[in-house]
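For reference, the chains in residue letters:
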Amino acid sequence: KRWIGNAPVASVIIIWARHAETGNTLAFAVEPGSTAGVSVKTMRGKVGLRAIQNGEIFLDGATVKEEARLPGVKSFADAAGVLAQSRVMVTWQPVGLAQGLYDVCLRHVKERMQFGVPLAASQVVQHKLMLMRANCNA
């Protein structure tokens, strides 16, 4: 699996797997350093959010004990619920970043003086701020 957030620094990784006989989706807690056949490689050179280290998880002949199975996970619906929550967080993060950038820019153009007047007095700057705000609210 590729592009797993914080995989290189995780001490425990949740692995979703389909049971060969029943077809049910199960979840297992594995430790990359101490579970045979489970390894993690850091992905380098990414362009996006660099505060989070992404990695690749490799399962090469891995066997996981029954004790590592998470109780209560019996179907893909359980996995989908977790994924739905994380997608909401991923969606709102750039909105928060854009709003923060707008707030910083607005404060700057109100304080920064050019030819004796604040930059915020310029219609060109006001228009750009309006577009930023509209993008935050879209």
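Preceding this paragraph is the structure being described.
Computed from a prediction, not measured in an experiment: that's the story for all the values here. (Residues numbered from 1 in each chain as written. Predicted model: local features only at pLDDT ≥ 70, side-chain atom pairs only at ≥ 80, totals over all residues. Heavy atoms only, no water.)

**Student:** I would appreciate a short explanation of the nonpolar core in the present structure.
**Tutor:** Note on soluble globular proteins: their nonpolar side chains tend to be buried together. Of all hydrophobic cores here, the largest spans 8 residues; its members are Ala 7, Ile 13, Ile 15, Leu 26, Phe 28, Val 30, Val 38 and Ile 57. Counting only elements with at least two residues in this core, the list comes to strand 2 (13-18) and strand 3 (25-30). For this core, the leading source of residues is strand 3, giving 3 residues. Leave out the neighbours within four places in its chain, and Val 38 touches Val 30, Pro 32, Phe 58, Leu 59 and Ala 62. In this structure, Tyr 102, Val 109, Leu 129 and Cys 136 belong to the second largest nonpolar core, which totals 6 residues. (Core = buried A, V, L, I, M, F, W, Y, C linked by side-chain atoms within 4.5 Å. Buried < 20%, exposed > 50% of the residue type's maximum accessible area, 1.4 Å probe, protein only. Helix = DSSP H or I, 4+ residues; strand = E, 2+ residues; numbered from the N terminus. Contact = heavy atoms within 4.5 Å.)

**Student:** Honestly, helix 1 (residues 76-111) in this entry has me stumped. Any pointers?
**Tutor:** Turn by turn, an α-helix covers 3.6 residues, leaving residues three or four places apart pointing in a common direction. Helix length check: helix 1, at 36 residues, gives a terminal C-alpha distance of 53 Å against a target of 52 Å (1.5 Å per residue), a fit within 8%. Turning to helix 1, its buried residues are Ala 79, Tyr 102 and Val 109. Buried positions along helix 1 lie against strand 2, strand 3, strand 7 (117-118) and helix 2 (123-137). (Expected span 1.5 Å × (residues − 1).)

**Student:** Help me out: how do you make sense of the pairing of strand 2 in this one?
**Tutor:** Regular strands place their side chains on alternate faces of the sheet. Bridge analysis of strand 2 against strand 3 gives 6 bridges, and the strand direction is antiparallel. Bridge assignment links Ala 17 to a residue of strand 3, and that residue is Leu 26. Once strand 2 ends, the chain turns through 6 residues before running back antiparallel as strand 3, passing Gly 23 with a positive phi of about 80°. (Pairing = 2+ DSSP bridges.)

**Student:** Is there a simple way to explain unusual backbone geometry in this structure?
**Tutor:** Peptide bonds are mostly trans, and most non-glycine residues show a negative phi. With phi around 65°, Asn 6 is a residue other than glycine that occupies positive phi space. Looking at the secondary structure, you find Asn 6 in the loop between strand 1 (4-5) and strand 2. Positive phi is not limited to glycine here, since Phe 115 has a value of about 55°. Note that Phe 115 resides in the loop between strand 6 (113-114) and strand 7.

**Student:** I keep staring at the side chain of Glu 56 and nothing clicks. Help me out?
**Tutor:** Following the sequence through the fold, Glu 56 ends up in strand 5 (residues 54-59). Residue classification places Glu 56 among the buried positions, given a relative accessible area of 13%. Setting aside anything within four residues of it in sequence, one finds Glu 56 in contact with Lys 1, Arg 2, Ser 39, Val 40, Lys 41 and Met 43.

**Student:** Help me understand helix 2, please; the structure alone is not making it clear to me.
**Tutor:** The first and last C-alpha atoms of helix 2 sit 21 Å apart over 15 residues, in line with the 21 Å expected at 1.5 Å per residue. Listed as buried for helix 2 are Val 125, Leu 129 and Cys 136. Within helix 2, the buried residues cover an arc of 35° as seen down the axis, which keeps them to one side. Turned more than 90 degrees away from the buried face of helix 2, the exposed residues are Gln 123, Val 124, Asn 135 and Asn 137. Each element contacted by the buried residues of helix 2 is listed here: helix 1. The opening residue of helix 2, the one whose side-chain oxygen lies 3.3 Å from the backbone nitrogen of Val 124, is Ser 122. (Arc of directions from axis to C-beta. Polar contact = N/O pair within 3.5 Å; in protein donor to acceptor, adjacent residues only side chain to side chain.)

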